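Report on the structure
This is what each chain is made of:
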Amino acid sequence: MATTLKFRQALRVGPPEDIWHKPALSAVATLGVLNLTLLALGRLDLALYTSAGGLGALFGHGLPYRARARTLAGVLLGTVLSTAAALTAAALTRDAVVLVAVAAGLAALHKLGCDAARIGPPGSLIITFTSASCAFVPQRPADLPPHLALTALGAALAWLVGMAPALLRPYGPERIATARALEAAARLARSAPGTPDAAARTALVGAVDAARQSLALSSPARWRALGDAPERLLVHAESALAAPAGPAAESTTESAAESVAAAAERYTAWARDLRRGRPLPLLDLTEAEAAELRAHRPGPRPSLRQALRPGSALLPIGLRVAVGCAAAGWLSLAFGVGRPYWAVVTAASVFQANSTLSWQRALQRVLGNLIGLAVFTAVLPLAHSGQPAMIGLGLLCQFGAEATIARSYWLATVFVTPMALLMTEFAGLQPARTLVADRWLDTCVGALTGLAACLLVTNRRTATRLSRALTGAETATREARAAAAAAADAAVGSEAAAVRGGLATALLELREAADAATGEWRRPALPHQRTADAEQDAHHLLAALLERRGARP
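First things first, this report covers the structure right here in the doc.

The rules we used
- Residues numbered from 1 in each chain as written.
- Predicted model: local features only at pLDDT ≥ 70, side-chain atom pairs only at ≥ 80, totals over all residues.
- Heavy atoms only, no water.
- Core = buried A, V, L, I, M, F, W, Y, C linked by side-chain atoms within 4.5 Å.
- Buried < 20%, exposed > 50% of the residue type's maximum accessible area, 1.4 Å probe, protein only.
- Helix = DSSP H or I, 4+ residues; strand = E, 2+ residues; numbered from the N terminus.
- Contact = heavy atoms within 4.5 Å.
- 1 Å grid on protein atoms, 1.4 Å probe; cavity = no way out; pocket = protein on both sides within 12 Å on 5 of 7 lines; lining within 4 Å.
- Points joined across faces, edges and corners; volume = space filled by probe spheres on them.
- Expected span 1.5 Å × (residues − 1).
- Salt bridge = Lys/Arg side-chain N within 4 Å of Asp/Glu carboxyl O.
- Disulfide = S-S within 2.5 Å.
- Axes fitted to C-alpha atoms, helices over the stretch in contact; angles between N-to-C directions.
- Left-handed = near helix turned anticlockwise from the far one by under 90°.
- Nonpolar A, V, L, I, M, F, W, Y, C, P; charged D, E, K, R; others polar.
- Phe/Tyr/Trp six-rings, centres within 6.5 Å; stacked < 30°, edge-to-face > 60°.
- Lys NZ or Arg CZ within 6 Å of the ring centre and 35° of its normal.

Now for the nonpolar core. Residues Phe 59, Cys 325 and Phe 351 are the most contacted members of the largest nonpolar core, which totals 64 residues. Considering every element that reaches this core, the biggest residue donor is helix H5 (residues 96–116), with eight residues. Once residues lying within four places of it in the same chain are set aside, the contact partners of Phe 59 are Leu 72, Val 75, Ile 119, Pro 121, Pro 122, Gly 123, Ile 126 and Ile 127. In terms of nonpolar packing, the next biggest core, distinct from the first, is built from 56 residues, Ala 179, Ala 221, Ala 469 and Leu 503 among them.

Taken as a whole and judged by the stated rule, the model has two cavities of 30 Å³ or more. Approximately 60 Å³ is the volume found for the largest cavity. In terms of lining, the largest cavity is formed by Leu 31, Asn 35, Ser 51, Gly 394, Leu 395, Met 419, Met 423 and Phe 426. If you list the elements that add at least two residues to the lining of the largest cavity, you get helix H2 (21–41), helix H18 (387–404) and helix H19 (409–425).

Now for H18. Compared with an ideal rise of 1.5 Å per residue, which puts 18 residues at 26 Å, H18 spans 26 Å between its outermost C-alpha atoms and is within 8% of the ideal. Elements in contact with the buried residues of H18: H2, helix H17 (355–383) and H19.

Per the stated rule, a full pass over the model turns up 19 salt bridges. Glu 535 is the salt-bridge partner of Arg 511, the closest N and O atoms lying 2.7 Å from each other. Highlighted residues: Arg 511 in helix H22 (residues 494–518) and Glu 535 in helix H23 (residues 528–549), separated in sequence by 24 residues. Overall, the relative accessible area of 9% leaves Glu 535 in the buried class. Because the salt bridges share partners, they merge into one network encompassing Asp 18, Arg 180, Glu 183 and Arg 275.

What follows is about the state of the cysteines. One pass over the full model with this rule turns up zero disulfides. Considering cysteine sulfurs only, Cys 325 is the nearest to Cys 444, which forms no disulfide, with 16 Å between them. Assessed through its relative accessible area of 23%, Cys 444 is described here as partly exposed.

Between helix H3 (residues 47–54) and helix H7 (residues 144–163), whose axes approach to 6 Å, the crossing angle comes to 40°. Of the two possible hands of crossing, H3 and H7 adopt the one that is right-handed. Contact residues: Tyr 49, Thr 50, Ala 52, Gly 53 and Gly 54 in H3; His 147, Leu 150, Thr 151, Gly 154, Ala 155 and Ala 158 in H7. In terms of residue class, the contact of H3 with H7 is built from five nonpolar, six polar and no charged.

This brings us to the side chain of Thr 346. Position of Thr 346 relative to the elements: it lies in helix H16 (residues 341–350). The residues touching Thr 346, leaving out its near neighbours within four places in the chain, are Arg 365, Asp 442, Thr 443, Gly 446 and Ala 447.

Looking now at the environment of Val 445. Note on placement: Val 445 falls in helix H20 (residues 432–456). Residue class for Val 445 comes out buried when judged on its relative accessible area of 5%. Separated by 212 residues in sequence, Val 445 and Leu 233 have C-alpha atoms that sit 51 Å apart. In contact with Val 445, other than residues within four places in its own chain, are Ala 328, Leu 331, Ser 332, Phe 335 and Ala 343.

Another point: the environment of Ala 497. Here Ala 497 shows up in helix H22. Ala 497 gets classed as buried once you look at its relative accessible area, which sits at 7%. Sequence-wise, Ala 497 and Ala 288 are 209 residues apart; in three dimensions their C-alpha atoms are separated by 10.0 Å.

Tallied over the entire structure, the rule returns four aromatic pairs. Ring geometry for Tyr 341 versus Trp 342: centroids 5.9 Å apart, planes at 70°, classification edge-to-face. Every member of this aromatic cluster is reached through a ring pair, and the members are Phe 136, Tyr 341 and Trp 342. The ring centre of Trp 223 lies 4.8 Å from the NZ or CZ of Arg 222, which sits over that ring. For Arg 439, the ring lying beneath its charged end belongs to Trp 342, and the centroid distance is 5.2 Å.

As structure tokens, then:
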């Protein structure tokens, strides 16, 4: 029964992401321009190099445009450098064993860099896919400058496409982040009294924190356009946490329940106005809320150096990627597969935050590839009718992948598989039977080798991270309780914001660390009860502090 439930969880199809169309349309626009231009020039065989840069259009869509410009530039620079390393290796040697090692090393660097910088979707896999593909395309040293120039051209177009929506909705990302916080507040308000709501409360804490980070990263010109209306909305959204938690909520009166329902409707209406670009209300605040609003500054995010410091839980994952990808590629070579980089990419896709998620990803990858190969076989006659049809099918698959990736990875892989095979055929038609057989064998080899690497390279540091997060949450709770007891008006303004901000940050880190550690194989026993008690204490204290802040004379 438990095994069946795990399979259902792994294959569950969730709701669509609210901004799924943004990366989907950006990728289609970028790759469409690049591929059609190459088609007009009669050089569609060069599409791999332009696509390596053009796929950067998938990144950064949740960031304010000021931060997006920097993040996209960093991702695209890393993509160009990775492509340069892969092409240089291909020009210097034809030894497939060495090229697999290069592709595996790059995959590990991509994973570490993207996870440490918290790049977000689609993560490191896109860069690994393009660099691994480039490593196995025969090169001459004289070809390197023009091929890298094509990658840089694709990257430049991706940057322009990613920044283009700023001309129409310059503060759209900030509005969406604030709307998400209000929607999380509405979900919490609608939760039934007396039911365990720790997950909903943590989700609201995280949504408010993400929205404040988004507003902090926004352009200073945002104040002239929106003022502090988004911050005021976040203050009201955060106030939903002041509602009674757990068993205390059972005593909620009928009139209080009606008031909560009305608050949920208000949150939803404000979120709808934010998403539709309507003018924002300037909400009233208490003196304490106004003082905190003037003084509040989001806490700094961990730097790249801190995320990769000795003892980091990311380092064993990087080692897993290097070992698993190299083993998958070499095993694929041993089986006589002509494209071992597919096994490398499959293994790279398996590695997630912990072993349980990695197992689920391997299952999703295998299932999605199997169905995707059937789709590729079905559309092959149309694809072979001409290069324009091949480009159109590739763009359609790209759109489908981005439309479904947030709902289910296996469903997205159904589109990714034919898209990758069609890209292979841009340089020339390939025997369909060989393509399908190689892809299926590489998928199985990569998934199994990736799981084997998870078993061999243990990550006990997730338990260490949980221990540190637990200590940090308990310390933040004690400090917040002491600050609240220090005076009747309990640290109004910057002090109150700092105390609650530290408590919220510690709570989010505790939940993230607990989720990562719980899903890891071969790790020490975890303090589950102590973690649950620490979360409950933090939530109750956070609610009390917010109730005091929002008290109106």
